[in-house]
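Here is what each chain is made of, one letter per residue.
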Amino acid sequence: MLSNSIRKLLTQLTDGLADIAGQQLTPEKRLSNSLQHIRSLLSMLREQVQQKRFDDQNSEIHFFKEVKPKFLSAKIFALEQYNIEQSKPVGTWEKQLAFYQSELEIINRCFRHHAYMYQYYRIGLTELDKLYFLRGAEVPSFFVPEFGEADPEFSTCGDYLFSKFNAYERLQEFILEQIRFGTLASEIKQHGSYQSKPLSWTGESINLVELGYGLLDSGQLNNGNAGVNDIFKWLEEHFGVSIGIPARRFVEIKRRKRLSRTRFLDNLRESVNRKIEEDEEYNPEKQQSRRNRQDN
């Protein structure tokens, strides 16, 4: 019923926040612009719900379980991200690291406090959807101990917590990224440079030939100006393997008959796709996104 209009609002949400994030703004101005943008879209979303009826209960459940939380979680995340950025202590990295770890514990404590609902969210259960995501449903308070804004026409007892879970998972990723960046910066400051571990190529050398020609013909290096010898010399030096004469090794690939000529690159693609699919199996939101893509 609202699919086309909602899709437009979702696009406006994503594009608008990305545009704000890309601007040179103070944290206060960025938060203000983000909240103004989100609240405007939430208001339009509410108007659509008031003006049109849901086709059935399943449509209403889908809206309050999957759609509205995308907007509301963006609001929660913007506020929490700002609070973390403003509360971060000034001083040593050890002090800042302790702060980030305490923030992670706060998030985990929230997940533990709402253990049943969080598992319901994470696993993608549906048994109690009619209680959690239909307006006017009477739910015992011990089922949902935390509610958002009271708006019986535009809220259910579960949409706020689902929004919060999504926002807090994003907040986890943000904090972990700050920890990774801070740790790297600390190592560079301490040692003068980041000392990466040496890596050696343990696969077949012919696989590097596929990779090298893939990089060459797709123009990934030096704006497409890197030559074949430059690329293969670089691969040999960095991976500690002797490839031989690239042109002769390429003939080996061309002679393949029974197997795919680009079997290594094919395996890379399959491995990445498999990783994506495995990740989506444990993420209800990504599962729904994949189903929506298949439906379209």
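See the structure printed just above.
These notes cover the structure that comes with them. Values in this document were obtained by computation on a predicted structure and should not be read as measured data.

Attention now goes to the environment of S102. Position of S102 among the secondary structure elements: in helix α4 (residues 93-113). Here the side chain of S102 touches F99 through a polar contact of 2.6 Å, landing on its backbone oxygen.

Time to look at the environment of S40. Mapped onto the elements, S40 comes out in helix α2 (residues 27-51). Separated by 27 residues in the primary sequence, S40 and L13 have C-alpha atoms spaced 9.8 Å apart.

In the structure shown here, the tally under the stated rule is 11 salt bridges. For the salt bridge of R135 with E60, the shortest nitrogen-to-oxygen distance reads 2.9 Å. Remark: E60 occurs in helix α3 (residues 57-87) and R135 occurs in the loop between α6 (129-132) and α7 (159-191); sequence separation between them is 75 residues. Its relative accessible area of 12% is what places E60 among the buried residues. The salt bridge partner of D159 is K68, with a shortest N-O separation of 3.3 Å. Of this pair, D159 sits in helix α7 while K68 sits in helix α3, and the two are 91 residues apart along the sequence. With respect to burial, D159 and K68 carry one shared label: buried. Each of the salt bridges in this network shares a partner with another, and the network as a whole consists of R46, D151 and E153.

Procedures and definitions
- Residues numbered from 1 in each chain as written.
- Predicted model: local features only at pLDDT ≥ 70, side-chain atom pairs only at ≥ 80, totals over all residues.
- Heavy atoms only, no water.
- Helix = DSSP H or I, 4+ residues; strand = E, 2+ residues; numbered from the N terminus.
- Polar contact = N/O pair within 3.5 Å; in protein donor to acceptor, adjacent residues only side chain to side chain.
- Salt bridge = Lys/Arg side-chain N within 4 Å of Asp/Glu carboxyl O.
- Buried < 20%, exposed > 50% of the residue type's maximum accessible area, 1.4 Å probe, protein only.

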